[in-house]
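Examining the three-dimensional arrangement
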Amino acid sequence: MSAHLTHEELTDKLLGGSSLTVNAHLLSCPECAHELEQMKNSIAGFRGAAHAWSENALAADRGVSVVPKLPQRSWTANWVLVAASLMLLAAALTFYLHDYQARNQTSSVQLATPLTKIDAAQSQIESQIEKDNELLSQVDSELAEAVPAPMQPLGVLESSTSSTATTK
Amino acid sequence: MTPTTIPVDLVALSGERLISELEDIDALVRLHRPKVFRFVAFSVSDRDAAESITQDCFLKAHLTRHQFRGDCSISTWLMRIAFNLVRDHTKSQKFRFWKNAAATAIDANDVSQHLASRAASAEEQLIAKEQVETVHRALQELSGKQRSIFVMRFVEEMELSDIAAATGMSLPTVKTHLYRAVGAIRTRLGATL
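Rules and cut-offs
- Residues numbered from 1 in each chain as written.
- Chains lettered and ligands numbered in written order.
- Predicted model: local features only at pLDDT ≥ 70, side-chain atom pairs only at ≥ 80, totals over all residues.
- Heavy atoms only, no water.
- Helix = DSSP H or I, 4+ residues; strand = E, 2+ residues; numbered from the N terminus.
- Buried < 20%, exposed > 50% of the residue type's maximum accessible area, 1.4 Å probe, protein only.
- Contact = heavy atoms within 4.5 Å.
- Areas by Shrake-Rupley, 256 points an atom, 1.4 Å probe, with all protein chains shown as cover.
- Core = buried A, V, L, I, M, F, W, Y, C linked by side-chain atoms within 4.5 Å.
- Axes fitted to C-alpha atoms, helices over the stretch in contact; angles between N-to-C directions.
- Parallel < 35°, antiparallel > 145°, perpendicular 65-115°, else oblique.
- Nonpolar A, V, L, I, M, F, W, Y, C, P; charged D, E, K, R; others polar.
- Buried area = accessible area lost by both parts, 1.4 Å probe.
- Salt bridge = Lys/Arg side-chain N within 4 Å of Asp/Glu carboxyl O.
- Polar contact = N/O pair within 3.5 Å; in protein donor to acceptor, adjacent residues only side chain to side chain.
- Phe/Tyr/Trp six-rings, centres within 6.5 Å; stacked < 30°, edge-to-face > 60°.
- pLDDT = per-residue confidence, 0-100.
- Left-handed = near helix turned anticlockwise from the far one by under 90°.

**Observations regarding the overall build of chain A**
A tally of helices and strands in chain A yields six helices and zero strands. Starting at the N terminus and walking to the C terminus, you meet the elements of chain A as α-α-α-α-α-α. The proportion of buried residues among the 168 residues of chain A is 16%. In chain A, the proportion of contacts linking residues at least 24 apart, taken out of those at least 6 apart, comes to 32%. On chain A, roughly 13000 Å² of surface is accessible, and the fraction owed to carbon and sulfur atoms is 63%.

**Quick word on the nonpolar core**
One finds F39(B), V40(B) and F42(B) to be the most contacted residues of the largest nonpolar core, which totals 72 residues. Residues in contact with F42(B), not counting those within four places in the same chain, are F46(A), A50(A), W53(A), I106(B), V111(B), H136(B), R147(B) and V151(B).

**A short note on the packing of helix α2 (residues 20–28) of chain A against helix α3 (residues 30–60) of chain A**
Residue and element names in this part refer to chain A. Packing of α2 against α3 brings their axes to within 5 Å, and their N-to-C directions diverge by 105°. With respect to α3, the axis of α2 lies roughly perpendicular. Facing α2, whose interface residues are H25, L26 and S28, α3 presents P30, C32, A33 and L36. Per-class residue counts for the contact of α2 with α3 are five nonpolar, two polar and no charged.

**Things to note about the interface of chain B and chain A**
Where interface size is given, it is often the accessible area lost as the parts come together that is meant. On the side of chain A, 34 residues touch chain B, which itself brings 40 residues to the contact. Between chain B and chain A, roughly 3600 Å² of surface is buried when both sides are summed, and carbon and sulfur atoms account for 69% of that area. The largest contributions to the chain B side of the interface with chain A come from H114(B), Y179(B) and R186(B), which together make up 20% of the buried area. Here D12(A) ties to K175(B) by a salt bridge, and the two come within 3.5 Å at their closest N and O atoms. Summed over the shared surface of chain B and chain A, the number is 11 residue pairs in polar contact (both at pLDDT 80 or more). For the side of chain B that touches chain A, the element with the highest residue contribution is helix α2 (residues 25–44) of chain B, accounting for nine residues.

**Topic: the packing of aromatic side chains**
Scanning the model with the defined rule gives six aromatic pairs over all chains in all. An angle of 5° between the planes, with centres 5.9 Å apart, marks the rings of W53(A) and F37(B) as stacked. Of the two residues, W53(A) is situated in helix α3 and F37(B) in helix α2; the pairing between them involves two chains. The same class applies to W53(A) and to F37(B), which are both buried. Arranged with centres 5.4 Å apart and planes meeting at 70°, the rings of W53(A) and F42(B) form a pair that is edge-to-face. Of this pair, W53(A) sits in helix α3 while F42(B) sits in helix α2, on two different chains. The buried category is assigned to W53(A), whose relative accessible area is 4%. Put simply, the rings of F46(A), W53(A), F37(B) and F42(B) pair up and form one aromatic cluster.

**Focus on the side chain of S42(A)**
Position of S42(A) among the secondary structure elements: in helix α3. Residues contacting S42(A), with those up to four places away along its chain left out, are Q131(B), V135(B) and L189(B).

**Re the confidence of the model for chain A**
A residue-level look at chain A finds 71% of positions with pLDDT of 70 or above and a mean pLDDT of 79. Per-residue pLDDT, averaged within each element of chain A, yields its smallest value for helix α6 (residues 152–167) of chain A (58) and its largest for helix α1 (residues 7–14) of chain A (92).

**Some thoughts on the pattern of salt bridges**
The final tally for this structure, using the stated rule, is 11 salt bridges over all chains. Linking R186(B) and E35(A) is a salt bridge whose minimum nitrogen-to-oxygen distance equals 2.7 Å. Pair noted here: R186(B) is in helix α10 (residues 171–192) and E35(A) is in helix α3, and the two residues belong to different chains. For E35(A), a relative accessible area of 23% corresponds to the partly exposed category. Because the salt bridges share partners, they merge into one network encompassing K129(B), E133(B) and R137(B).

**Examining the packing of helix α4 (residues 74–91) of chain B against helix α8 (residues 144–155) of chain B**
Residues and elements named next belong to chain B. Where α4 contacts α8, the axes come no closer than 11 Å and their chain directions differ by 155°. If you check the angle between α4 and α8, you find them roughly antiparallel. The way α4 lies across α8 gives a crossing that is right-handed. Only K145, S148 and M152 of α8 make contact with α4, whose side of the interface consists of M79, F83 and V86. Class assignment of the residues belonging to the contact of α4 with α8 gives a composition of four nonpolar, one polar and one charged.

Below, the structure written as structure tokens:
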């Protein structure tokens, strides 16, 4: 064991730990015993003062409610919230009015479209339908043929070979 | 020696009793406020901040009372909440900026004024006052964790295992912080006396 207690040994003793060797050293070393006593007194004094100070501080707050209140918004926060709501409402109203006007204008423009234009468009559609029908009938007639158009050369070849066979 | 086992029903019953204790916020505040306030006050060294954090602590405890599992005492649970709030407060930039300029900072002289005068002579009284102020000043030089752990152990006289539970640290870590804190105070006391 060294001449004096180590810092850890002294702190352990302060923390309430008891070791036979440390206790024996304290009995034989007045210097370590004095330092330990001084530390104990200082900390105990601080503890006592801290307790008395906090009691005094809490006594001064006796009139104040100590039970925590649920968080409430401050007046400023409330005003900010009201202003934000009003601005949002105003913006929504403006947007709605703008949208309403735009829709009215579109419908009036649609009403103002001349009937001649509608007739022209209708006739165009009818002519397109007619063309489509024509094309469909053409396709039908092609399909109805015995030999399809791409196979016609083969048909010719086959007829010529059969004619030669009969002549033989 | 046969190990003592606590029946599961008893544990559940104990947990339910603790939870019902948490429901009564008035009683909870009355019972634990001095301890929580003192711990916070000497951890942040600011009276106003301590009052605010103490209120926050009880509010948080009330709002999260259903999360309390009953694996430690209510006091330790409250100290855990307070420790976390103190840590958050200390981390904030606001705290760093106002730390030195706080009008409500706890003064060493103000604390030592409350020292009970049991000393025989005026000289001894003066020495005791000086010692309290030295401990207080040494506390200001510690890190936030060291200061909180020192206050838990030496002001609130909490067991090391309870400190470990409240801080979420291991027992050796708690002891290491205490060694450092006591070392700083020892150096200060050695220099002044």
